[in-house]
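Chain by chain, the residues:
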Amino acid sequence: MAQLFFRYGAMASGKSIEILKVAHNYETQQRHVLLLTSALDNRSGVGEIASRIGMQRSALAISDADDLFKLIQDQQDDVAAVLIDEAQFMTKEQVLELTQVVDDLNIPVLAFGLKNDAFNNLFPGSEALLIYADKIEEMKTLCSFCGRKATMNLRISDGQPVYEGAQVQIGGDEAYMPVCRYHYNHPDMAAIARRMAKN
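Residues numbered from 1 in each chain as written. Predicted model: local features only at pLDDT ≥ 70, side-chain atom pairs only at ≥ 80, totals over all residues. Heavy atoms only, no water.

Turning to helix H6 (residues 189-198), a few remarks are in order. What H6 keeps buried is the set Ala191, Ile192 and Arg195. Along the axis of H6, the buried residues cluster in a sector spanning 100 degrees; they form a single face. Looking at H6, the residues exposed on the side facing more than 90 degrees away from the buried face are Arg194 and Ala197. At its buried positions, H6 is contacted by strand S9 (152-157), strand S10 (160-162) and strand S11 (176-179). Where H6 begins, one side-chain oxygen reaches toward the backbone nitrogen of Ala190, 3.1 Å away; that side chain belongs to Asp188. (Buried < 20%, exposed > 50% of the residue type's maximum accessible area, 1.4 Å probe, protein only. Helix = DSSP H or I, 4+ residues; strand = E, 2+ residues; numbered from the N terminus. Arc of directions from axis to C-beta. Contact = heavy atoms within 4.5 Å. Polar contact = N/O pair within 3.5 Å; in protein donor to acceptor, adjacent residues only side chain to side chain.)

Printed below as a string of structure tokens:
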């Protein structure tokens, strides 16, 4: 029986490398996967899943207007699993479409993404996945300042922490740091300055 999986973690927790690893594992068994990613993420080019360690792969870029059930149904005979990067950017309707893919087409769906934004609000896609996913797994990484588990993403602009603004601002290591709750509220400004000097 197929299931809907949601694997979430803070920035730099290895979500993209994990999705590429899962795709590789399927394909070594001669099983086709459908790779999807948000059209909003253009850090490595639209429709690209890229890991910080240098691995990259093309994927189908989706926007919030896409009907994911129809898109996947059109290819169902050839698809062993659907793998989705940047799943936080999906709409609730798209997550419900994925439940149809799992329940009606019997195709497993593995969604990877952030849970909360830089202001500690749930993304719409993540909120829906937390409600509807059959299995939920946290992917862990370390706080940029102290080495404790990072649960939040600190947005940085011009060397300063940012605590308000647009929910979606695409960026990588130059714009976000994975942090624990304490250092989200008490960032180490000297460490931020050193990090920004390297970027």
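This paragraph deals with the side chain of Arg155. Along the chain, Arg155 turns up in strand S9. This buried residue, Arg155, is left without a salt bridge; Asp117 holds the nearest opposite charge, at 6.8 Å. A distance of 3.1 Å separates polar atoms of two side chains, one belonging to Arg155 and the other to Tyr176. (Lys, Arg positive; Asp, Glu negative; His and termini not counted. Salt bridge = Lys/Arg side-chain N within 4 Å of Asp/Glu carboxyl O.)

Next up on the list: the nonpolar core. Residues Ile72, Val82, Ile84, Met90, Leu98, Val109 and Leu129 are the most contacted members of the largest nonpolar core, which totals 27 residues. When contributions to this core are tallied by element, the ones reaching two or more residues are strand S1 (4-8), strand S2 (33-38), helix H2 (68-73), strand S6 (81-85), helix H3 (92-105), strand S7 (109-113) and helix H4 (124-132). In this structure, Val109 is in contact with Gln3, Leu4, Phe5, Val82, Ile84, Leu98, Val101 and Val102, ignoring residues within four places of it in sequence. Counting 20 residues, the second largest nonpolar core, distinct from the first, contains Met152, Ile156, Ala175 and Val179. (Core = buried A, V, L, I, M, F, W, Y, C linked by side-chain atoms within 4.5 Å.)

Here we come to the confidence of the model for the protein. Per-chain confidence: the protein averages 90 in pLDDT, with 93% of residues scoring 70 or above. Mean pLDDT per element in the protein: strand S3 (residues 48-50) is the minimum at 73, and S1 is the maximum at 98. (pLDDT = per-residue confidence, 0-100.)

To continue, consider the pattern of salt bridges. Under the criterion given, the structure shown has 6 salt bridges. Salt-bridge contacts for Lys70 lead to Asp74; the nearest nitrogen and oxygen are separated by 3.3 Å. Note on Asp74: relative accessible area 55%, which makes it exposed. Lys149 is paired through a salt bridge with Glu138; the nearest N and O atoms lie 3.0 Å apart.

So, on to the UniProt feature "active site" (unreviewed entry) in the protein. Mapped onto this structure's residue numbering, the UniProt feature "active site" (unreviewed entry) falls at Glu86. Summarising the element assignment, Glu86 is placed in the loop between S6 and H3. On the accessibility criterion, Glu86 (12% relative accessible area) is buried. (UniProt positions renumbered as here; feature names shortened; annotations may be inferred.)

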